[in-house]
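Now for the letters of each chain:
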Amino acid sequence: MKHNITEFRQLYYACKEQNKKIYEIALDYEASRGENPEYKVRLQAKKSLDAMKEAITTGLKCTEPSPSGMSGDDCDKLQNSKHNFILGQTAKKIMTYALATSEQNLRMGTIVACPTAGSCGIVPAVLIAFAEDNNIKECDQINALITAGEVGRLVANKMSLAGAVGGCQAECGVASAMAAAALTQMRGGSVKQIINAVALALKNILGLTCDPVCGLVEIPCVKRNPFLAIHAVTASELAMSDIISKIPIDEVVDAMEQTGQLMSPLLKESSQGGLAKTKTAIALEKNILK
Amino acid sequence: MNQSSIIDIISPIMAGPSSSHTAGAVRLGLLARNVYNAKPDKITFKLYNSYALTGKGHGTDKGLLAGILGFAVDDKRIKNIFETPEAKEIDYHFEFLQDFNRHPNAVDFIFEGGLNMTISGDSVGAGEIKLRKINNFCVNLDGKYNTLLLVYEDMPGVISSVTKIIQEDNVNIASLHCDRSAKGRDASMCICIDGELSKNCLNKVSDLKDMYIVRYIKKLES
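Residues numbered from 1 in each chain as written. Chains lettered and ligands numbered in written order. Predicted model: local features only at pLDDT ≥ 70, side-chain atom pairs only at ≥ 80, totals over all residues. Heavy atoms only, no water.

1. Observations concerning the interface of chain A and chain B
Logical step 1: Between chain A and chain B, the contact holds 52 residues from the first and 36 residues from the second.
Logical step 2: Together, the buried faces of chain A and chain B total about 3,400 Å²; carbon and sulfur atoms form 61% of this surface.
Logical step 3: Here chain A is connected to chain B by one salt bridge.
Logical step 4: The salt bridge involving K79(B) is made with E64(A); its shortest N-O contact spans 3.4 Å.
Logical step 5: Secondary-structure elements contributing two or more residues to the side of chain A that touches chain B are α2 (22–32), α3 (38–61), α5 (89–106), β1 (110–112), α7 (138–158) and α8 (163–166) of chain A. (Contact = heavy atoms within 4.5 Å. Buried area = accessible area lost by both parts, 1.4 Å probe. Salt bridge = Lys/Arg side-chain N within 4 Å of Asp/Glu carboxyl O. Helix = DSSP H or I, 4+ residues; strand = E, 2+ residues; numbered from the N terminus.)

2. Remarks on α2(A)
Logical step 1: Every buried residue of α2(A) is accounted for by I22(A), Y23(A), I25(A), A26(A), L27(A), Y29(A) and E30(A).
Logical step 2: Backbone geometry just downstream of α2(A) places G34(A) in the positive-phi region, at approximately 95°. (Buried < 20%, exposed > 50% of the residue type's maximum accessible area, 1.4 Å probe, protein only.)

3. A short note on the domain arrangement of chain B
Logical step 1: Entries for chain B in the domain assignment read domain 1 (6–135) and domain 2 (146–217).
Logical step 2: Computed over C-alpha atoms only, the centres of domain 1 of chain B and domain 2 of chain B are separated by 26 Å. (Domains from an automatic or database assignment.)

4. Some words on helix α1 (residues 8–18) of chain A
Residues and elements named next belong to chain A.
Logical step 1: Residues of α1 that are buried include every one of F8, L11, A14 and C15, and no others. Around the axis of α1, the buried residues are gathered within 125° of arc, so they sit on the same side. Those residues of α1 that are exposed and angled more than 90 degrees off the buried face are K16 and E17.
Logical step 2: On the buried face of α1, the contacting elements are α2, α7, α10 (191–203) and α12 (249–262). (Arc of directions from axis to C-beta.)

5. Comments concerning the packing of aromatic side chains
Residues and elements named next belong to chain B.
Logical step 1: As enumerated under the stated definition, the model contains eight aromatic pairs over all chains in all.
Logical step 2: Relative to F94, the ring of Y92 lies with its centre 5.8 Å away and its plane at 70°, an arrangement referred to as edge-to-face.
Logical step 3: By relative accessible area, which is 22% here, Y92 ends up partly exposed.
Logical step 4: Residue F94 is classed as buried on the basis of its relative accessible area, which comes to 18%.
Logical step 5: The ring of F71 carries the charged tip of R77 above its face, separated from the ring centre by 3.8 Å. (Phe/Tyr/Trp six-rings, centres within 6.5 Å; stacked < 30°, edge-to-face > 60°. Lys NZ or Arg CZ within 6 Å of the ring centre and 35° of its normal.)

In structure tokens form, the structure reads like this:
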């Protein structure tokens with residue numbers, strides 16, 4: 001039997017034994033399974049990266065409201081805000097790009113599900129804003145996206161990435177962990193630091209509910225994207241300082257799967273609890289879904 | 001174990017707003033269309049649980065219909081699908097139901113016409129899908145492989161006859177799933193393959209005794 005990589009532990013040891021980066025092992029492993037040779041994965045990564053950039057460019061210029069009328073103008077507000085951003089200009093750019101993408105999504109515009117559509121703003125915002133501000137070459141952006149993809153793949157091996165099954169932790173939470181990996185990769189972090197960034201990001205979103213108001217990917221989804229994009233930055237900053245997750249990553253993923261199972265279906269994309277059943281949400285529902 | 005790939009995670013490029021509820025719905029529709037493989041007179045879509053409760057807001061109804069019409073997940077027409085000439089040509093309607101024995105994102109496609117067929121599927125996350133049932137047979141189709149679907153009379157030797165024909169084409173079988181309604185009654189076989197089956201191979205399978213349905217279902221491109 002060929003060597004399997006279904007857990008982060010195996011990925012880590014494969015990187016260590018062969019002295020390779022995560023994206024290199026990930027590409028070797030995809031190729032070894034027969035269907036996705038390296039060029040095919042790189043081609044999809046390039047296509048996805050280009051589509052992400054296009055969604056950002058379009059989203060930055062657009063103020064068209066969503067079909068429900070509840071959202072669509074937050075990116076514009078953030079771009080034009082003149083106050084002093086304490087986290088600095090790159091962080092402001094990350095938040096802006098996350099909103100731009102997420103707002104394109106709710107307009108039924110073209111986006112990249114990464115890993116899902118509701119969480120589509122997180123990976124592109126972190127990856128592209130950092131790359132622009134630090135002159136990261138396209139091939140390194142692609143390597144970072146493949147690193148993120150490998151993180152998502154390993155989590156998806158254990159649990160479904162649907163909000164209806166695992167809650168928002170499985171969507172925006174996983175996207176944030178993927179973004180943390182991509183960012184730490186671009187900053188030259190070690191394999192250990194990348195994996196810790198993933199563990200730290202996931203550990204701190206366990207139990208995140210999926211309770212969209214009126215059943216639409218708008219409230220709280222749109223604003224959750226910039227929040228969890230910055231969450232990824234925090235994870236990367238801590239991991240780059242060699243802070244480690246005391247609970248190993250594979251155990252964190254197991255905990256996340258269990259948490260998803262324990263969460264009530266009322267809080268998993270059914271819009272029957274949480275924010276979706278607040279007084280204001282019910283009033284909005286009456287106005288919008290008539 | 002069937003592992004997902006990096007490509008699944010960093011795609012699809014799609015029309016928003018939800019991978020499971022919009023892109024997943026389109027993909028379920030596309031795969032059901034490939035299975036039915038004819039022009040139906042009428043289609044009823046039964047949406048369950050989260051699909052029923054939040055489907056309208058996520059464009060799940062639009063996505064399912066788009067798939068049945070053969071539109072790709074990134075097709076810009078999905079947003080206004082009900083107004084397209086293609087949609088106006090067919091008779092369809094939607095039902096929204098609750099059944100907690102079903103997956104949170106479950107759908108039934110009920111095709112009526114020259115051939116009546118009910119196809120059930122789930123959107124299992126990140127745009128990934130599974131068809132679970134065709135009429136009363138359990139199947140396991142995810143659209144990632146070219147698949148040969150057979151319905152035939154249950155009797156000894158059918159599996160080996162079919163796999164022998166596939167072997168003659170020098171094609172590798174990735175998975176094989178069988179089910180039957182009762183001993184000696186209708187049975188089904190779902191064979192996922194690597195590569196392509198030739199026309200000749202399909203003809204030979206069709207010529208086997210008591211083969212009722214032979215469908216070659218192409219893997220999904222989007």
